[in-house]
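Single-letter residue listing:
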Amino acid sequence: QKVTSSESSQAKKSQHAEEATFYMNCRAAYLTVLKSSLENIKSKEQLSLVLQQAGRNPSQKTVNKYWTSQTTTLNFDDFCTILKKEKPATKTELLEAFVKIDADNTGYILHDELYKILTTRGEKMTRDEVSTITKQADFNCSGKLDYKKFCDFYMTTSEQCCKIAREKLEVDSRLRQQQFGSQAETSSEGITVSKPSPRVSRKTDHKLAPAKGDSRTPSRPSSAQSCKASISTTISMGASSNRNTKLIEPDTIKEWQCAQSKGCFYLEEDGEIISHKYKLHLPQRSIVYITIKPLNIHQVEGKSCNWLSVDTALYILKENETQENLQLVSFTEQQNKEMFGWKGELGSGIYWLLPFTTGCRLKKVKTQITGEAKLVYRGEDGELALTKEFRAALLDIFETIDLDGNGLLSLEEYNFFELRTSGEKCDEEAWAVCKGKFVAVLDTIRAINLLASLDSNSHLRESEVLLLSLRKCKLLVACPFVIDIYAEKCKPRIKAIYLEAGSWQLNRAICKSVVNKGEAKVMDGCENIIIYTYKAGRRITSVIENKSENKVIIHVNNEQSKNCLSNRGLAVFAVEVAPKSMMVSQHVMPLNEQEEWLYNCVHSLL
């Protein structure tokens, strides 16, 4: 029975993986022709084009079967259904069709015979259309068509068409933000967690915090008018000027042993957030106190860090036999001002610490550069020196990348910096040359000062252009943070291992934490769809669980929310949830913490 159950489980995983790949290919083809997955197919020509992008070669008869005299539009769901029914032609099927014409089985068909067949039978082609085939040198010679080569060419072209569409979806950040969801990943425990889907782009972008008295009729996706079931969640939150103060430091913490590491959230061009990931080693069982908060660095007097309002969290996962088999232990849900923390008992062993931010407040902001940043000046003695602002910016950068805070840069720390700037790592040989020259903050500044003291004006100008508004750029796209671990009975050790985007382990941990601690509501009229909503301090997170055997599209409407900020950046959007999976719907925070805010969200099944 165990063997049968295991085989059944593996079969289901394989089926879900195939379905996820199928829908990814559907999205890739659809977004090659249309601007958004929410935009409808409006003509036969568009239908034919998207089918071709998906590797099909539909006849007019096939197109007419799905686009009848009563059809006005087809949506993405309709398109997926058509692709399931219309399988792509195989090489064997193509060869069989040609063999029927090639009575002598020579492997060739005369051009004259091909003209006659294609212009008089079935869906008749014009002579010009047939000429485009016969003029291709790859499979034509001496007035004959080598139909075996033609079939190879056809299959290769079809595969390349699908591949290009997928690659375009992956590399084009604009298209990635316009797909419904993303393919699901299955963990070793058999729980499928869909990756967070980028937001769906729409022509009308309603803000989550509408102006008072604004009575405009909300714009909705065209597909949203066929909602099968829905569920509404409303949470009223008071002003959080004092914030939550549940996080209480242990009385004897000064006697506990401590380990600390810094890190950073970086916002990528496509909106993805990457951060450091850590391993924590506890030599023995102990009560621990773990906190995370934005790193407060302000080298310029009178200027504060504008990233201190960015929310942070830390998910604690226990490592078992393999790195893939991580179990959620807890997360930092208690809060004191900008600090989030957790206190509890952990057994000896290896733990993974996965930092997280919702992205609600880590946003790119376009700023106008009004002038050049002055980097150096000549002192009274005639020597070049760094300006106060430039020195502060360099110190900020050094303090951020010096993860253990000891004033020294290790090769590992430096390579994290290199990966963010040049995309390459420094090897041991190169590091041996330079490590003695960059051993502390002052030595770093002296070395940079030496480079900046070049007499060549061209070199100085190049440096100014390169580092123009360096400090502003860094503040807008990153949020440095600091993690502190206190252990009562042993010395904890923490080390940064990766610098990467949120893994499926983090996505699963977020979903599990919301499911375990949040309020569950079954969607009216559809018992297989459950919406979980969890409120933690100044953050609300909702998760969608799809227990059915089919993928679902959920329409999410926040237009009645007030003073709210969603990580999606939209008031109305749609998400696709794979079968037997769960995924984050959205994270919401107050736009202005000093005022009351209302979370009013309607999830509807399309």
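These numbers were taken from a predicted model, which means no experiment stands behind them. In every chain, residue numbers begin from 1 and rise along the written sequence. Residue-level local features of this predicted model are given only where pLDDT is at least 70; pairs of side-chain atoms are given and counted only at 80 or more, and the full residue set underlies all totals for whole chains, interfaces and linings. The side-chain numbers reported here are obtained from all heavy atoms of the structure, hydrogens and water having been left aside.

**Some details on the sheet that holds strand β22 (residues 552-557)**
Two strands pair if DSSP finds at least two bridges between them. Think of it this way: any DSSP run of H or I at least four residues long counts as a helix, any run of E at least two long counts as a strand, and we number them from the N terminus. Pairing within the open sheet is antiparallel, and its four strands lie in the order β6-β26-β22-β24. A strand with exactly one partner marks an edge of an open sheet, and here the two such strands are β6 (229-237) and β24 (572-577). Going from strand to strand, the sheet's axes swing by 20 degrees on average, the running direction of each strand aside. Pairing between β6 and strand β26 (residues 597-605): nine bridges, direction antiparallel. Note on β26: the bridge partner recorded for Ser230 is Ser604. For every element, the axis is a line fit to its C-alpha atoms; helices are fit only across the contacting stretch, and the angle between N-to-C directions ranges from 0 to 180 degrees.

**A closer look at the pattern of salt bridges**
In the sections that follow, a salt bridge refers to a side-chain nitrogen of Lys or Arg positioned within 4 Å of a carboxyl oxygen of Asp or Glu. Scanning the entire structure with this criterion turns up 10 salt bridges. The salt bridge partner of Lys517 is Glu333, with a shortest N-O separation of 3.1 Å. A residue pair is termed long-range when its members are at least 10 positions apart, and Lys517 in helix α16 (residues 504-517) and Glu333 in the loop between β11 (326-331) and β12 (334-336) qualify at 184 residues. On the basis of relative accessible area, Glu333 is assigned to the partly exposed category, the value being 26%. In this structure, Arg538 engages Glu593 in a salt bridge whose closest nitrogen and oxygen atoms are separated by 2.8 Å. Note that Arg538 is positioned in the loop between β20 (526-536) and β21 (539-546) and Glu593 in the loop between β25 (581-590) and β26, a separation of 55 residues in sequence. Partly exposed residues are those whose accessible area sits between 20% and 50% of the maximum for their type, while under 20% is buried and over 50% is exposed, using a 1.4 Å probe and protein chains only.

**Section: the pairing of strand β19 (residues 519-523)**
Pairing analysis gives five bridges linking β19 to β20, with the strands arranged antiparallel. By the bridge assignment for β20, Ala520 is matched with Tyr532. Joining the antiparallel neighbours β19 and β20 is a turn of two residues, in which Gly525 adopts a positive phi near 85 degrees.

**Considerations on the sheet that holds strand β3 (residues 144-146)**
Taken in spatial order, the three strands make up an open sheet running β1-β3-β2, and their pairing is antiparallel. Strands with a single pairing partner mark the edges of an open sheet, and in this sheet they are β1 (108-110) and β2 (140-141). Note that β1 and β3 share three bridges and pair antiparallel. Across the sheet, the residue bridging to Tyr108 is Asp146, located in β3. The criterion used for residue contact is that any of the two residues' heavy atoms lie within 4.5 Å. In the packing of helix α6 (residues 111-120) onto the sheet, contacts are made with β1, β2 and β3, and the angle to β1 comes to roughly 75 degrees.

**With respect to unusual backbone geometry**
In this structure, Asn105 takes a positive phi of about 55 degrees despite not being glycine. The backbone of Asn563 sits at a positive phi, close to 55 degrees, despite the residue not being glycine. Turning to its location among the elements, Asn563 is positioned in the loop between β22 and β23 (564-566). When its relative accessible area of 9% is taken as the criterion, Asn563 is described as buried.

**Quick word on the packing of α6 against helix α7 (residues 127-134)**
Two elements in contact, α6 and α7, have axes whose closest approach is 10 Å; the angle formed by their N-to-C orientations is 140 degrees. The pairing of α6 with α7 is recorded here as oblique in orientation. Regarding α6 and α7, the two cross each other, and that crossing is right-handed. Contacts from His111, Leu114, Tyr115, Leu118 and Thr119 of α6 reach α7 at Arg127, Val130, Ser131, Ile133 and Thr134. Per-class residue counts for the contact of α6 with α7 are five nonpolar, four polar and one charged. We call two directions roughly parallel when the angle between them is under 35 degrees, roughly antiparallel when it is over 145, roughly perpendicular when it lies between 65 and 115, and oblique otherwise. Crossing handedness is defined as follows: a turn of the near helix away from the far one that is anticlockwise and smaller than a right angle gives a left-handed crossing, while the clockwise case is right-handed. Each residue receives one of three labels: charged for Asp, Glu, Lys and Arg, nonpolar for Ala, Val, Leu, Ile, Met, Phe, Trp, Tyr, Cys and Pro, and polar for the others, Gly being one of them.

**Brief notes about the UniProt feature "domain: EF-hand" (unreviewed entry) in the protein chain**
UniProt positions are given in the numbering used here, feature names are shortened, and annotations may be inferred rather than shown by experiment. In the UniProt entry, the feature "domain: EF-hand" (unreviewed entry) is given for residues 89-124. End C-alpha to end C-alpha, residues 89-124 measures 20 Å, and it is 58% helix and 8% strand.

**Comments concerning the pairing of strand β7 (residues 257-267)**
In terms of burial, β7 is a largely internal element, eight of the 11 residues being buried. By the bridge criterion, 10 bridges tie β7 to strand β17 (residues 478-487) in an arrangement that is antiparallel. Of the residues in β17, the one forming a bridge with Gln257 is Ala487. Alignment of β7 against strand β8 (residues 273-282), held across three bridges, turns out to be antiparallel. Bridge pairing in β8 links Tyr266 to Ile274.

**Side note on the packing of aromatic side chains**
Any two aromatic rings considered together are summarised by their centre-to-centre distance and by the angle between their planes. Stacked, edge-to-face and tilted labels apply to pairs of Phe, Tyr and Trp rings (six-membered ring for Trp) whose centres lie within 6.5 Å, assigned for plane angles under 30 degrees, over 60, and everything in between, in that order. For the coordinates displayed, the defined rule picks out 15 aromatic pairs. With a centroid separation of 5.2 Å and an interplanar angle of 85 degrees, the aromatic rings of Tyr30 and Phe76 are classed as edge-to-face. Taken together, the positions of Tyr30 in helix α1 (residues 2-33) and Phe76 in helix α4 (residues 76-85) put the pair 46 residues apart, joining distant regions of the chain. By relative accessible area, Tyr30 is classed as buried at 0%. A relative accessible area of 1% places Phe76 in the buried class. Aromatic side chains Phe331 and Tyr534 sit 6.0 Å apart centroid to centroid with 80 degrees between the ring planes, which places their arrangement in the edge-to-face category. One end of the pair, Phe331, is in strand β11; the other, Tyr534, is in strand β20, and 203 residues separate them in sequence.

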